[in-house]
Structures are given as structure tokens and as C-alpha cells.
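Residues per chain, in single letters:
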Amino acid sequence: MLQRYRAAALAIAAVCAAGVTTLAVAQNKPDATLDRVKSAVQKTLGADAPVKSVARTPVPGLYEVAVGGEIIYADEKAQYVILGGNLVDTKTRQNLTEARQSELNKVDFAKLPLDRAIKFVKGNGSRKIAVFSDPNCPYCKRFEETLKSNIDNITVYTFLYPVLGPDSDAKSKAIWCSTDRLKAWHDWMIDKKAPATPTAKCDDGPVKQNVALGHSYNVTGTPTIILSDGRRLPGAVPADELEKALATVK
């Protein structure tokens, strides 16, 4: 488990103070050194933390390792591992770890199964986002208020993502099985009117599929917002931050 190695982080934490420019991405051609680092880190972390990729960093001897949805750092032999730390460019003040994590966690918006989402269109709907949301998540409810009150010209695809317990699962299925899903969603999230228990048999499979989808994308919290260019925004971002993010979508 990653937690077993957090104590080792202090051993090389000082490298973050080095002058750096930008993180290097993994080369397309085979790199024996990166393969060795990957094998060494995998052996150190164990099979329960599969290593996705390894790339060089601007710091000599330090390698970026993608494990699940996280980025960690290791030396070539994986004798030392930095967990939960950020690599920062001291000249530009840019958080290089955050930038790389955002890039590695991008989602192909065009491949999202939008037929399994609740669609909400406001204004001309020209700007598009997808949201993984739990009906019992207070931050999700806050974000719904933001969308309804402060954001215009947007299309929102909400993927019901019940991860907070059995009641979240029951509410998600009831909302999905409602005659008017969008109304049932807003009634609960904004007006606190619980969805009615479905009286007829309903295919709630899409809710289960959404949970599996979220896990495959390493969605670990709700709400998780996905912009149409694949970038993620974690949490109930305020209206001004969402507007800034939407303005930078190409």
C-alpha cells in the first residue's frame, strides 16, 4: 500500500527546491531506464498499487511515476519514494505535479456515455460539462445551486455516482427511474423533495455502470467536473472559477 512508504518521503523532499523548468513526458520510443524504474517501483509498492507509467523529470535522478490517479516520485532503484508531495518550479511558481496530474487524468469527452447521464440545458447550451455527482453529497448540492443560479449558456450531463452508501444508491435509482429525471434530480438536490419510489420495474443498470465508469476514471470524490476538453475540476467550484475554466476550453 502507498501508505507504508509515506515515511520515506522526507528522505528526498529537498529536491523540490531545485531550480526546474517543465516536467518531461515519457518518450514514445522504448527507454530501458524507464522500464527499470517501473519494475523497481512496482516491486517496492507491490501488486496492489499498479504502476501506469514512468517519465523523467527536470531533476536529475528523479522520476515521475503514475500510480492509479496519483503521481509519486522515485529514484532509479526505488530506494526512496516521495508520496503526497508536489514538485514546484521555483522560478515560475508553477505546480508541476498538479499540471502533470491534470494531463494524465484527462477524459475523452467524446467517449462519455452521455445516454446514461441526466441532461440539463440552460440558455443556448453552447458550453458543455459532465459531472459525477452523489445525491447525498452536500458539495454536489451546492454545485447544483451554482449551476442553476449563476451559470448561463451551458449543457450539463450529470452521471449519478452513488458512492456515499446504500441511501445514495437508492435515491440514484429512484431518480433515474423517474418519469422526468431532470425534475426529480433538481427537486431533490435544490428543493429537498425526495424522489418517489418507482412503482414499475425499471432498468437501473446505468447507475451501476456509472459507478464502474467513475472507478475506471479514478473519480475519488464528488462532485467531479469534466470540461469538454477533458480537464477535471474537483469539488464544488464557485461560479467565477467555473467561468474562468470554461473560458479556456479550446
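Because the structure is a prediction, the values reported are computed rather than measured.

**Notes on the state of the cysteines**
Under the definition given, this model contains one disulfide. Each sulfur of the disulfide joining C177 and C202 lies 2.0 Å from the other. Across the S-S bond of C177 and C202 the torsion is about -90°, and the bridge reads as left-handed. Of this pair, C177 sits in the loop between α4 (166–176) and α5 (181–189) while C202 sits in the loop between α5 and α6 (205–216), placing them 25 residues apart in sequence. Note on C202: relative accessible area 28%, which makes it partly exposed.

**Side note on the packing of α4 against α6**
Contact geometry for α4 and α6: axes closest at 9 Å, N-to-C directions at 125°. On the basis of their axis angle, the class for α4 and α6 is oblique. Taken as a pair, α4 and α6 cross one another with a handedness that is right-handed. Residues D169, S172, K173 and W176 of α4 touch α6, and the partners they reach there are P206, V207 and K208. Class assignment for the residues of the contact of α4 with α6 results in three nonpolar, one polar and three charged.

**With respect to the pairing of strand β3 (residues 70–74)**
Burial within β3 is extensive, with four of its five residues counted as buried. Connecting β3 to the antiparallel partner strand β4 (residues 81–82) that follows it, the hairpin turn spans six residues, and A78 within it adopts a positive phi of roughly 60°.

**Let's talk about the sheet that holds strand β9 (residues 232–234)**
The strand order β5-β7-β6-β8-β9 describes an open sheet built from five strands, whose pairing is mixed. If you trace the sheet from one side to the other, it starts and ends with β5 (118–122) and β9, each paired once. Each neighbouring strand pair of the sheet contributes to a mean axis angle of 20°, computed without reference to strand direction. The pairing of strand β8 (residues 224–227) with β9 spans three bridges and is classified as antiparallel. Bridging across to β9, I225 finds its partner in L233. Sitting on the sheet, α6 touches β6 (127–133) and β7 (154–160), and the angle it makes with β7 is about 100°.

**Brief notes about unusual backbone geometry**
Across the junction of T222 and P223, the peptide omega takes the value -5°, indicating a cis bond. The topology assignment puts P223 in the loop between α6 and β8. Phi at R93 is positive, roughly 70°, even though this residue is not glycine. Within the secondary structure, R93 sits in the loop between β4 and α2 (96–104). With relative accessibility at 71%, the residue R93 sits in the exposed group. A positive phi angle is found at K192, which is not glycine, with a value near 65°. Here K192 shows up in the loop between α5 and α6. In this structure K192 comes out as exposed when scored by relative accessible area, which is 70%.

**Focus: the pattern of salt bridges**
All chains considered together, the criterion is met by nine salt bridges. Put simply, E76 and R36 hold a salt bridge, and the shortest N to O gap is 3.1 Å. A residue pair is termed long-range when its members are at least 10 positions apart, and E76 in the loop between β3 and β4 and R36 in helix α1 (residues 32–45) qualify at 40 residues. One salt bridge in this structure joins K171 and D167, with 2.7 Å as the shortest N-O distance. Of this pair, K171 and D167 both sit in helix α4, separated by four residues, roughly a single helical turn. Judged by relative accessible area, K171 falls into the buried class, the value being 14%. Among the charged side chains, a network of salt bridges with common partners joins D169, K173 and D204.

**Some thoughts on the environment of K148**
Relative to the elements of secondary structure, K148 occurs in helix α3 (residues 138–150). Take K148: its relative accessible area is 41%, and that puts it in the partly exposed class. Residue contacts for K148: discarding those within four places in its chain leaves K122 and I190.

**Section: the layout of surface pockets**
A probe as big as a water molecule, rolled over the atoms, marks out the empty space that is left. If you add up the space inside the largest pocket, you get close to 540 Å³. Q101, S102, N105, R232 and P234 are, among the 19 residues lining the largest pocket, the residues nearest its centre. Breaking the lining of the largest pocket down by element, the ones donating at least two residues are α2 and β9. It is α2 that contributes the most residues to the lining of the largest pocket, four residues altogether. Built from parts of two domains, the lining of the largest pocket gets at least three residues from each of domain 1 (32–105) and domain 2 (109–248).

Cut-off values and rules
Residues numbered from 1 in each chain as written. Predicted model: local features only at pLDDT ≥ 70, side-chain atom pairs only at ≥ 80, totals over all residues. Heavy atoms only, no water. Disulfide = S-S within 2.5 Å. Helix = DSSP H or I, 4+ residues; strand = E, 2+ residues; numbered from the N terminus. Buried < 20%, exposed > 50% of the residue type's maximum accessible area, 1.4 Å probe, protein only. Axes fitted to C-alpha atoms, helices over the stretch in contact; angles between N-to-C directions. Parallel < 35°, antiparallel > 145°, perpendicular 65-115°, else oblique. Left-handed = near helix turned anticlockwise from the far one by under 90°. Contact = heavy atoms within 4.5 Å. Nonpolar A, V, L, I, M, F, W, Y, C, P; charged D, E, K, R; others polar. Pairing = 2+ DSSP bridges. Salt bridge = Lys/Arg side-chain N within 4 Å of Asp/Glu carboxyl O. 1 Å grid on protein atoms, 1.4 Å probe; cavity = no way out; pocket = protein on both sides within 12 Å on 5 of 7 lines; lining within 4 Å. Points joined across faces, edges and corners; volume = space filled by probe spheres on them. Domains from an automatic or database assignment.

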